[in-house]
Amino acid sequence: MLRKHYAGKGEGPLPGLRKVRTAVIPVAGLGTRFLPITKSVPKELLPVLSRPTLHLICEEILSAGIRNVVLVSSPSKGALEDYISPKRVLREHLRKAGKDELLAGWKRSLGRLSFRVVYQRRPRGLGHAVLQAARAVKGAPFALLLPDEIFFHAPGEQTGLAKLVHLHEREEALATIAVKKVPAADVSRYGIVRPAGAARPGRPMLAAGMVEKPETRAAPSRYAIIGRYVIDPAVFGELRRARPGAGGEIQLTDALDSLCRKGKVLATEVPGVRFDTGVPLGLVKANLYAAWQNPRHRTELKALLHTLEKSARQGHR
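Computed from a predicted structure; not experimentally measured. (Residues numbered from 1 in each chain as written. Predicted model: local features only at pLDDT ≥ 70, side-chain atom pairs only at ≥ 80, totals over all residues. Heavy atoms only, no water.)

### Overview of empty space enclosed by the protein
A full pass over the atoms with the stated rule returns 1 cavity of 30 Å³ or more. If you add up the space inside the largest cavity, you get close to 40 Å³. Taken together, K43, E44, T53, P147, D148 and T277 make up the lining of the largest cavity. (1 Å grid on protein atoms, 1.4 Å probe; cavity = no way out; pocket = protein on both sides within 12 Å on 5 of 7 lines; lining within 4 Å. Points joined across faces, edges and corners; volume = space filled by probe spheres on them.)

Right under this line is the structure:
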């Protein structure tokens, strides 16, 4: 089901709405790193093997027991709306062609989700994009998934989002954020968490604050925010009061930093193998990893990698 919805106010938790039932996916970006293909194909529809990254994100949402999804999109990216709500003519074609399994596969994944679309009409940063979803989340905590971040999980392994949702609801936090310890040289590429005390690997930590893309020497830790959040609707008030930060944009990190001074904000490492598919090489790596997990593809990949390595050695003679 697809409903269009326009952003409005709608901040502050409502009594009894503490369960995480909605996920927000910001997809309004122009995908300039993938030009020229993103002139006609949204980067969220670029595939990892046979499934677009948006599809993988939606499957992760389902794994956490969430059924409502808000896409913060751009009016120019109608292909995304076509994807999440396939046209009747396609459904009829699959049915008549006897491709019932393809249709059943859609029903098992995206067909179980209820979508709303809101628009970010100007590119003013992640915080501004999240703010457009304020009315649609209906005053309840929500999950936020950045579609450039893709996680692969072993069969039966809890997904990172499911872990965040469980921790957030159990601890009644204002925000619960996925983090990863990164090399010191990389901290200037991320939002970085300032732990309230000694951080222990693998254990949730209380965040005293966070800063967007600090210089290496000024970074409060090496724990980087990696694109999975569960957030209380109190964040919308902080976003409305926020001034443009790094890059002249409304930064979600700045709003979360303010929440750290008003209540419990948690940061935790999450399971899974992560890829940044927002850059071309990251998307290639994600495809190679996904193909390697399939025994049918692994033999051909080994042969290809052997050929490439041999060619590289010969080229250096």
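There's plenty left to go through after this.
### Observations concerning the nonpolar core
With 42 residues, the main nonpolar core has I25, L54, I61, I66, L71, F115 and L161 as its most contacted residues. Top element by residues in this core is helix α1 (residues 53–63). It accounts for 6 residues. In this structure, V70, A136, L146 and V235 belong to the second largest nonpolar core, which totals 37 residues. (Core = buried A, V, L, I, M, F, W, Y, C linked by side-chain atoms within 4.5 Å. Buried < 20%, exposed > 50% of the residue type's maximum accessible area, 1.4 Å probe, protein only. Helix = DSSP H or I, 4+ residues; strand = E, 2+ residues; numbered from the N terminus.)

### Section: helix α6 (residues 160–171)
The end-to-end C-alpha distance of α6 is 16 Å, a good match for the 16 Å that 12 residues give at a rise of 1.5 Å each. Listed as buried for α6 are G160, L161, A162, L164, V165, L167 and H168. The inward-facing, buried residues of α6 abut α1, β7 (142–145), β9 (175–181), β12 (223–231) and β13 (265–269). Count one or two residues on from α6 and you reach E172, which has phi positive near 50 degrees. (Expected span 1.5 Å × (residues − 1). Contact = heavy atoms within 4.5 Å.)

### Notes on unusual backbone geometry
At the junction of L35 and P36, the peptide bond is cis and its omega measures out at 10 degrees in the coordinates. Positionally, P36 belongs in the loop between β2 (22–26) and β3 (47–48). Its identity as a non-glycine residue notwithstanding, L49 has a phi of 55 degrees, on the positive side. Along the polypeptide, L49 turns up in the loop between β3 and β4 (51–52). For L49, a relative accessible area of 40% corresponds to the partly exposed category. In the Ramachandran plot, K213 falls in the positive-phi region, its phi being about 45 degrees despite a non-glycine side chain. Note on placement: K213 falls in the loop between β11 (205–212) and β12.

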